[in-house]
Amino acid sequence: MSSAKSGEMFANAQKVIPGGVNSPVRACRSVGCDPLFIERAEGAHVYDLDDNKYLDFVCSWGPMIMGHAHPDIVAAVQQSAAGGTSFGAPTSSEVDLASMVVEAVPSIEKVRFVNSGTEATMSAVRLARGFSGKKTVVKFDGCYHGHADSFLVQAGSGVMTLSIPGSPGVPDDIVKNTVSIPYNDRETLEKTLRDASLDIACVIVEPVAGNMGCIPPEPGFLQAIRDITSELGIVLIFDEVISGFRLSYGGAQEYYGVIPDLTCLGKIIGGGLPVGAYGGKAEIMDMIAPDGPVYQAGTLSGNPLAMSAGRAALRILQSGNFYKDLNDKASAVAAEMRAIVDRVGVDVQLNQVGSLMTAFFTDQPVKDFASATTADTDRYGLHFRQMLSQGIYLAPSQFEVAFISAAHTESDLEKLTKMTEWSFKKLLET
Ligand code: HOZ
């Protein structure tokens, strides 16, 4: 496979864009190769500048749950664009999408649209602080809530991939109000939340960790967070930027039956256009300007293209047995992957929840940040490159998830498992 055109474009990109990319993980550094420049995508496949075709398991990091360029979404965007791309004024499409989100997500009575997951989480934390009058944010090691200052403490995703201990540019005065504790550790949770000296405004958690690879909550962990936060009057925020409309139509909160006070969304609700949202109990949401004093605003918030794409996306997700079919398909792949691991005898842990999964290259069960970091990232890099050579595009980091979409056919998934077995065997030869 030639990648000459991608290579040339990457050289040009590095002259005008830091690292040649607009988001660090996609630079592919941790998997030891240069990035592919994607020209187009359709269904389960992406095509690079050199016209190579890849079976895609990045799925734009989550939004493309229905596959790329779904005709309903393309039509909705085209129709909306023909009527103007931004007005900086209310539109009916915002009300439509907001009503759909309120109906779908158990915790959300009112929702505010923003432009990214990062904006959603930083706004939700500001709101939680404004509502509670307290200052500290409790998060979990390896969870990633975007790149706002307060979250860059023991963060997952690119921060973990590139082993960045803490980012220059984030003053100590800001991160001193963030406490990060181990995921799935109920004892530390209890001890931390009951420490009155911390003045805790909120707990923010990915109900399924998706930015240190896929790590499910242990049974009872989410409920324990809910119980203690309710008892102590601490605002509980679920960051469902990845899990929202992914595990079920009502997100992880519906899937696990644990309802937070505030929820952050993104990715899927924009059908692939830039979007984010935060919502929750009316009593809290009414604190936001103009009804209340907590300020948050945005020229492109509720952008008509993103709203139309989101509306079309949610309609697709409402149809038939969308989630049952998708989750069953993904569980079958995970079962086959585990059988392959046993057959080949490679040190891999396969974590999966719904259509999210990660193969961790370690012999230890992965249940938190510490166990995730036992993974052999060089081995993952080799696996990534071997799979790429066979036309399979995985996440370019050990600490991200693979997304299965409705567009992946049985034969696509057979190709995935067959090539995985081939790659695992080849790894053992090196
Ligand atoms: N932080 C994203 C994954 N969790 C990566 C975004 C990107 O590179 O597009």
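So, here's what we can say about the structure. Predicted model, so just to flag it, every value in this text is computed and none were measured. (Residues numbered from 1 in each chain as written. Predicted model: local features only at pLDDT ≥ 70, side-chain atom pairs only at ≥ 80, totals over all residues. Heavy atoms only, no water.)

1. Considerations on the site of the ligand
Going by this rule: Proximity is defined per residue: if any heavy atom of the residue lies within 4 Å of a molecule or strand, that residue is considered near it. Side-chain atoms alone can form a polar contact between residues adjacent in sequence; in general such a contact is a pair of N or O atoms within 3.5 Å, and within protein one must be able to donate a hydrogen while the other accepts it. Each accessible area is a Shrake-Rupley result for a 1.4 Å probe, and residues are judged covered by the shown protein chains and nothing else.
Taken together, the residues surrounding the ligand are S23, R26, W61, S157, N211 and E400. R26 places a polar side-chain atom, nitrogen or oxygen, 2.5 Å from an oxygen atom of the ligand. W61 is positioned with one of its side-chain polar atoms (N or O) 3.0 Å from an oxygen atom of the ligand. Considered on its own, the ligand offers 290 Å² of accessible surface; in the complex 86% of this is hidden by protein.

2. Quick notes on the pairing of strand β11 (residues 349-353)
Test applied: The classification of residues rests on relative accessible area computed with a 1.4 Å probe and restricted to protein chains. Under 20% of the type maximum is buried, over 50% is exposed, and intermediate values are partly exposed. For the purposes of this entry, the term helix denotes a DSSP run of H or I that reaches at least four residues, the term strand denotes a run of E that reaches at least two, and both are numbered from the N terminus. Two strands pair under a simple rule: DSSP has to find at least two bridges between them.
Burial analysis of β11 places 5 of its 5 residues in the buried class, which makes it a mostly covered element. Burial along β11 is two-sided: the face carrying Q349, N351 and V353 and the face carrying L350 and Q352 are both buried. Direction of pairing for β11 relative to strand β12 (residues 356-360): antiparallel, over a ladder of 5 bridges. Bridge pairing in β12 places V353 opposite L356.

3. What to know about the sheet that holds strand β9 (residues 262-266)
Which entries qualify depends on this criterion: Fitting a line to C-alpha atoms yields each axis, with helices limited to the stretch in contact; the angle taken between N-to-C directions then spans 0 to 180 degrees. Note on contacts: a residue pair qualifies if any of its non-hydrogen atoms lie within 4.5 Å across the two residues.
An order of β4-β10-β9-β8-β7-β5-β6 is seen for the 7 strands of this open sheet, with the pairing classed as mixed. Only two strands of the sheet have a single partner each, and these edge strands are β4 (110-114) and β6 (178-181). When strand polarity is set aside, the average angle formed by the axes of neighbouring strands in this sheet is 20 degrees. Sheet topology places strand β5 (residues 136-140) next to β6; 4 bridges connect them, and they run parallel. Within β6, the residue paired with V138 across the bridge is V179. Across the sheet, helix α4 (residues 117-132) is in contact with β4, β5, β7 (200-205), β8 (235-239), β9 and β10 (276-280); its angle to β9 comes to roughly 165 degrees. Docked against the sheet, helix α8 (residues 221-232) engages β5, β7 and β8, running at close to 150 degrees with respect to β8.

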